[in-house]
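# Summary of structural features
Below, each chain spelled out in residue letters.
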Amino acid sequence: MPSSNMTLLSYFTRATQLFPEKEVVSCPPDGDQRYTYAAFADRVTGLAVGLAELGVAEGARVGTIGYNHHRHYEAYFAVPLSGGQLHTINAVLPDSHVSYIVNDAADSVLLVDPGDPLETVERVWDDIDCVEHVVVMSDSVPDTTLPAVAYDDIVVEDATVEWPELAPDQPAGMCYTSGTTGKPKGVEYTQSMLYAHGMMLMSPASMCIDESDVVLHTVPMYHVNAWGLPYAATVAGAKQVFPGPAPTVEELAHLIEAEGVTLTGGVPTVWISMLEYLEDHDVDISSLDRIVAGGSAVPEGVMRTYEEKYGVTIDQAWGMTETMSISSVSRPKSYMREWTQERQFEKRAKQGILAPSLDMKVVNTKGEEISWDGETFGELWIRGPTVVDEYYNRPDATADSFEGDWLKTGDIVTVDGHGYIELVDRDKDIIKSGGEYISSIELENQLMGHDEITEAAVFAIPHEKWQERPAATLKLRPESTLTADDVREFLSESYPRWWLPDTILFVDEVPKTATGKFDKKRLREQFEQTTLEQTPDR
Ligand code: AMP
């Protein structure tokens, strides 16, 4: 049998041996950085040695709460190469989620960005019982109540390391996904899963990443490993650009121009805002060849404008945390290039065809596979080397969402005769606003905890910029005088501002399904009518 090298070490070795001169550009708050893959290799080695000195051994989980910069990128390699598990934590979650996630994963070390992420950890510190060291991803430690060290101080200079020989099934990464019910659910990625996803992204059937590319990492590094792009770009030997914390579209546009970016990715919201910016500003984005957009449906008009006005192709992609993100890409097949633009865009507006190595089936409620006629719909099931087959520590959720090695995605789709998947509905009540989840169930529970609210249903309403925003329908006690603003203020005690429902409707009765659940479908319909007929807020 040939020796198996399906680990990230093969990525790291290839990039640093064959492309030592390639650049990594980073814009963290403490000053822009530009270094080569050769220098990156030294920093990764130094970080691995530094983390080992903090007690990080094979099997340890290292949590990160941070944005897109070179230090986070170094941790993407140093932790898994050392046999540890890199657990990226969403930096914009409510506090209670962060403490739950850190404890559930039993992270022993946290790498945290200065600013908001550090403040979050300060607030939840007393609720965390597993973390031994906090490392601030900066050159020095800002004022903090935490026993923290600076990242640059633990990176050992001129270090050497003997990387351990790891099995392909060694856990290497971890993310949490917000479920429809209950607590966030952890998924674990092995070395071979990271390896297989990077190979998939490099393939022409997916993102076709090559050493000639300049990849701008717009997807936050706390989101499913920035969709795996940092790993794929590394093994390809591509130049990489990390734009720093929460970059504005102006900053992104200028980075594209200055660094000659050819490929980037992100949720539609970003690309919609970028179009608005480009309308009024003279920035040259002509180096940009393609954008992979997904996380929610990409409006066809946005794709058209990029293509026609800027010569940039938007490849719509579909994926989930459970599938390591990008798992299908919507690009017309070669014989479709003869078709009219109209027909080609119809294909682009779908979620695409499955990436190589994956397997799918679409089943109706009776468990039967549906026909690929573009009309009949069912739930998409998927399996393959980049798809998890369980949730960490959650047999209940695993039983609900998996059948054998099949992941039941909860996405309701049709598949046309050409094999293009189209998402027609989400069998989930979760709200996705600008690519970030808002749990309707959590908001409902919180609302119903208010003395004057007897029923609360929270549901997604379409939004031009954010794709979806939360709306709430409330039944109040007869004597209540609560207003929409009172309700928002009440919620803001426990949730960030972007979680607060934009619209609050007061009703005599929240409609229910036959089984007594809030009928979100009817609510959405009612909402559409109400907004036509009257002002919903009090
Ligand atoms: P996440 O686990 O946060 O990556 O979210 C995964 C979910 O986002 C999927 O199950 C879909 O419901 C939705 N999603 C991802 N990509 C797309 C897309 N291109 N169009 C519509 N919905 C999408």
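Definitions and cut-offs
Residues numbered from 1 in each chain as written. Predicted model: local features only at pLDDT ≥ 70, side-chain atom pairs only at ≥ 80, totals over all residues. Heavy atoms only, no water. Core = buried A, V, L, I, M, F, W, Y, C linked by side-chain atoms within 4.5 Å. Buried < 20%, exposed > 50% of the residue type's maximum accessible area, 1.4 Å probe, protein only. Phe/Tyr/Trp six-rings, centres within 6.5 Å; stacked < 30°, edge-to-face > 60°. Helix = DSSP H or I, 4+ residues; strand = E, 2+ residues; numbered from the N terminus. Lys NZ or Arg CZ within 6 Å of the ring centre and 35° of its normal. Axes fitted to C-alpha atoms, helices over the stretch in contact; angles between N-to-C directions. Parallel < 35°, antiparallel > 145°, perpendicular 65-115°, else oblique. Left-handed = near helix turned anticlockwise from the far one by under 90°. Contact = heavy atoms within 4.5 Å. Domains from an automatic or database assignment. Buried area = accessible area lost by both parts, 1.4 Å probe. Nonpolar A, V, L, I, M, F, W, Y, C, P; charged D, E, K, R; others polar.

Our next topic: the nonpolar core. Counting residues in hydrophobic clusters, the biggest one holds 83 residues, and the most contacted among them are Leu-51, Phe-77, Tyr-189 and Ile-209. Counting 29 residues, the second-largest nonpolar core is a separate cluster that includes Leu-275, Leu-278, Ala-293 and Tyr-306.

This part is about the packing of aromatic side chains. One pass over the full model with this rule turns up 16 aromatic pairs. Judged by centre distance (5.6 Å) and plane angle (45°), the rings of Tyr-11 and Tyr-195 are tilted. Separated by 184 residues along the polypeptide, Tyr-11 in helix 1 (residues 8–18) and Tyr-195 in helix 7 (residues 191–202) bring together distant segments of the chain. Overall, Tyr-11 belongs to the buried group, its relative accessible area being 0%. On the numbers, 5.9 Å between centres and 80° between planes, the contact of Phe-12 with Trp-163 is edge-to-face. Of this pair, Phe-12 sits in helix 1 while Trp-163 is found in the loop between helix 6 (151–154) and strand 8 (171–177), placing the two residues 151 residues apart along the sequence. In this pair, the class of Phe-12 matches that of Trp-163, namely buried. Taken together, the ring pairs in this structure connect Phe-12, Tyr-37, Phe-40, Tyr-73, Tyr-76, Phe-77, Trp-163, Tyr-231 and Phe-242 into an aromatic cluster. The lysine or arginine in question, Arg-343, covers the ring of Trp-339, its NZ or CZ lying 3.6 Å from the ring centre. Directly above the ring of Tyr-420 sits Lys-347, whose terminal nitrogen or CZ lies 5.1 Å from the centroid.

Another aspect to go through is the packing of helix 1 against helix 2 (residues 37–53). At a minimum axis separation of 8 Å, helix 1 and helix 2 run at an interaxial angle of 140°. In terms of orientation, helix 1 lies oblique with respect to helix 2. For the pair helix 1 and helix 2, the crossing hand works out as left-handed. Only Tyr-37, Phe-40, Ala-41 and Val-44 of helix 2 make contact with helix 1, whose side of the interface consists of Phe-12, Ala-15 and Thr-16.

When the domains of the chain are assigned, the result is domain 1 (1–20 + 37–193) and domain 2 (429–527). Here the C-alpha centre of domain 2 lies 36 Å away from the C-alpha centre of domain 1. Between domain 1 and domain 2, the contact holds nine residues from the first and 10 residues from the second. Both sides together, the interface formed by domain 1 and domain 2 hides about 770 Å², and carbon and sulfur atoms give 58% of it.

The contact between helix 2 and helix 3 (residues 70–81) brings their axes to 8 Å, and the two run at 60°. Taken together, helix 2 and helix 3 sit at an angle that is classed as oblique. For the crossing formed where helix 2 meets helix 3, the hand is right-handed. Contacts between helix 2 and helix 3 involve Tyr-37, Phe-40, Arg-43, Val-44, Leu-47, Ala-48 and Leu-51 on the former and, on the latter, His-70, Arg-71, Tyr-73, Glu-74, Ala-75, Phe-77, Ala-78, Val-79 and Leu-81. Tallied by class, the residues present in the contact of helix 2 with helix 3 amount to 12 nonpolar, one polar and three charged.

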